[in-house]
Amino acid sequence: MSQTTHSRPTALVIHGGAGVIERDKLDAEDERAIRADLDAALDAGHAVLARGGSALDAVEAAVRALEDSPRFNAGHGAVFDADGRHELDASVMEGHTRRAGAVAGVTTIRNPVSLARAVMEHSPHVMLIGAGAEAFAGTRGDIEQVPNTYFDTAHRRRELEQAQTRERADADAADNLKGKYFGTVGAVALDADGHIATATSTGGMTNKRWGRVGDTPLVGAGTWADERCGVSGTGWGEFFIRCAVAHDIAARMAYRGDSLRAATDAVILGAVPELGGDGGAIALDRDGNVVMAFNTSGMYRGWIRPDGTRGTAIFRE
């Protein structure tokens, strides 16, 4: 007797970073371009889900599209560090298997999210860093490596110059990081099999030094996926690490029975700012509920819900 399988509805949510995004400083042309790039990332991820592909394939496709845009702080649009170079971080996690992969401090990887996935699928490790991650990439014919100058953009160069000017004028400026970033991209997807995956990628903080690494490549801090939900964070990474933001949201659902909205709001609007941090997160549960929470003035974001409705947003709308 044949059995009929019924596909579940799919969903996708993405972000392009949270931070101090001021309406009066974002002109109409730039806003259109940002929304177009968010839509392109939604299209890339949704195309995978629409053909029955996996949540893991969908989040990788969406984040690669965001990494290839110069408008977000990841991949091609990555910020400069204090030495005028770029160090990139990324991670992926597959919820139903709890497999995860991450890279930190890479300098020649065009799409760090794909290298993070390769670490998960083709190495015995979860995280590789720096030169070791680059060497591993060299063993993979499917990982494109580029000169570090590939990530240079004029507006990120201006941001570095402005940050270093402020630092010279105020010795405390280097420690006052609140709102001084537009960091990170990420995606969470629910596929037709009911599986969830998450991917996150970043260029870190402008003018960072000493090999600083934030929450993005740390499983449980900036990225998490399990059988109940997936979370991708963006913001002041040090506080997301201290609050174990992504895992805390999932844990509140697992251990307390909180809804996705209640869990996300408690962490992003409560725990993080109570310690002095700021930022946002996107989250998606196995029922297709989407939450996009942030305690900053804006967060670049986009979504496609199970009923097919979609949209993009920047400010509180």
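Before any of the text, the structure's been laid out above.
1. Structural notes on helix α1 (residues 28-50)
Here is step 1 of the chain: Its 23 residues place the ends of α1 32 Å apart at the C-alpha level, agreeing with the 33 Å of an ideal helix rising 1.5 Å per residue.
Here is step 2 of the chain: Looking only at α1, the buried set comprises Ala33, Ile34, Arg35, Asp37, Leu38, Ala41, Leu42, Gly45, Val48 and Leu49.
Here is step 3 of the chain: On the buried face of α1, the contacting elements are β1 (11-19), α2 (55-68), β6 (185-190), β12 (298-304) and β13 (310-313).
Here is step 4 of the chain: For α1, the N-terminal cap is Asp27; the gap from its side-chain oxygen to the backbone nitrogen of Glu29 is 3.2 Å.
Here is step 5 of the chain: Two residues or fewer after α1 comes Gly52, characterised by a positive phi angle close to 85°.

2. What about the pairing of strand β7 (residues 196-202)?
A regular strand carries its side chains on alternate faces of the sheet.
Here is step 1 of the chain: Of all seven residues that make up β7, seven are buried, and the element is covered over most of its length.
Here is step 2 of the chain: Side chains Ile196, Thr198, Thr200 and Thr202 project from β7 onto one buried face, and the interleaved Ala197, Ala199 and Ser201 project onto a second face that is buried too.
Here is step 3 of the chain: In this structure, strand β2 (residues 88-94) lies alongside β7, joined through six bridges in antiparallel fashion. When the sheet's bridge partners are listed, Asp89 is paired in β7 with Thr202.
Here is step 4 of the chain: As judged from the six bridges shared by β6 and β7, these two strands associate in the antiparallel manner. Bridge pairing in β7 places Ala189 opposite Ala197.
Here is step 5 of the chain: A loop of five residues connects β6 with β7, the two strands running antiparallel in sequence, and Gly194 in this loop sits at a positive phi of about 85°.

3. Quick word on the packing of aromatic side chains
Here is step 1 of the chain: Considering all chains together, one arrives at three aromatic pairs under this definition.
Here is step 2 of the chain: When the ring of Tyr150 is compared with that of Phe151, the centres are 5.1 Å apart and the planes differ by 80°; the resulting orientation is edge-to-face.
Here is step 3 of the chain: Accessibility expressed as a relative area gives 22% for Tyr150, which makes it partly exposed.
Here is step 4 of the chain: Between Trp236 and Phe239 the ring centres are 4.7 Å apart and the planes differ by 70°, which places this aromatic pair in the edge-to-face class.
Here is step 5 of the chain: Its end group placed over the ring of Trp210, Arg209 keeps NZ or CZ at 5.4 Å from the ring centre.

4. Re the packing of α2 against helix α3 (residues 112-122)
Here is step 1 of the chain: For the pair α2 and α3, interaxial distance at closest approach is 8 Å and the crossing angle is 150°. In terms of axis orientation, α2 runs roughly antiparallel to α3. Here α2 contributes Leu56, Asp57, Glu60, Val63, Arg64 and Glu67 to the contact with α3, which in turn contributes Pro112, Val113, Ser114, Arg117, Met120 and Glu121.
Here is step 2 of the chain: For the contact of α2 with α3, a count of residues per class yields five nonpolar, one polar and six charged.

5. What about the pattern of salt bridges?
Where charged atoms of side chains with opposite charge meet at close range, the side chains can pair.
Here is step 1 of the chain: Within the structure shown, the criterion is met by 20 salt bridges.
Here is step 2 of the chain: Ionic pairing is found between Asp39 and Arg310, a salt bridge with its closest N-O pair at 3.0 Å. Note that Asp39 is positioned in helix α1 and Arg310 in strand β13, a separation of 271 residues in sequence.
Here is step 3 of the chain: When its relative accessible area of 28% is taken as the criterion, Asp39 is described as partly exposed.
Here is step 4 of the chain: Of the residues examined, Arg310 reaches a relative accessible area of 37% and is grouped as partly exposed.
Here is step 5 of the chain: In this structure, Arg110 and Asp68 form a salt bridge, with 3.4 Å as the shortest nitrogen-oxygen distance. On the criterion of sequence distance, the pair formed by Arg110 in the loop between β3 (99-106) and α3 and Asp68 in helix α2 is long-range, its members being 42 residues apart.
Here is step 6 of the chain: Through salt bridges that share partners, Asp57, Glu60, Glu94, Arg99, Arg117 and Glu121 make up one connected network.

Rules of the game
- Residues numbered from 1 in each chain as written.
- Predicted model: local features only at pLDDT ≥ 70, side-chain atom pairs only at ≥ 80, totals over all residues.
- Heavy atoms only, no water.
- Helix = DSSP H or I, 4+ residues; strand = E, 2+ residues; numbered from the N terminus.
- Expected span 1.5 Å × (residues − 1).
- Buried < 20%, exposed > 50% of the residue type's maximum accessible area, 1.4 Å probe, protein only.
- Contact = heavy atoms within 4.5 Å.
- Polar contact = N/O pair within 3.5 Å; in protein donor to acceptor, adjacent residues only side chain to side chain.
- Pairing = 2+ DSSP bridges.
- Phe/Tyr/Trp six-rings, centres within 6.5 Å; stacked < 30°, edge-to-face > 60°.
- Lys NZ or Arg CZ within 6 Å of the ring centre and 35° of its normal.
- Axes fitted to C-alpha atoms, helices over the stretch in contact; angles between N-to-C directions.
- Parallel < 35°, antiparallel > 145°, perpendicular 65-115°, else oblique.
- Nonpolar A, V, L, I, M, F, W, Y, C, P; charged D, E, K, R; others polar.
- Salt bridge = Lys/Arg side-chain N within 4 Å of Asp/Glu carboxyl O.

What is shown is where atoms sit, not what they do.
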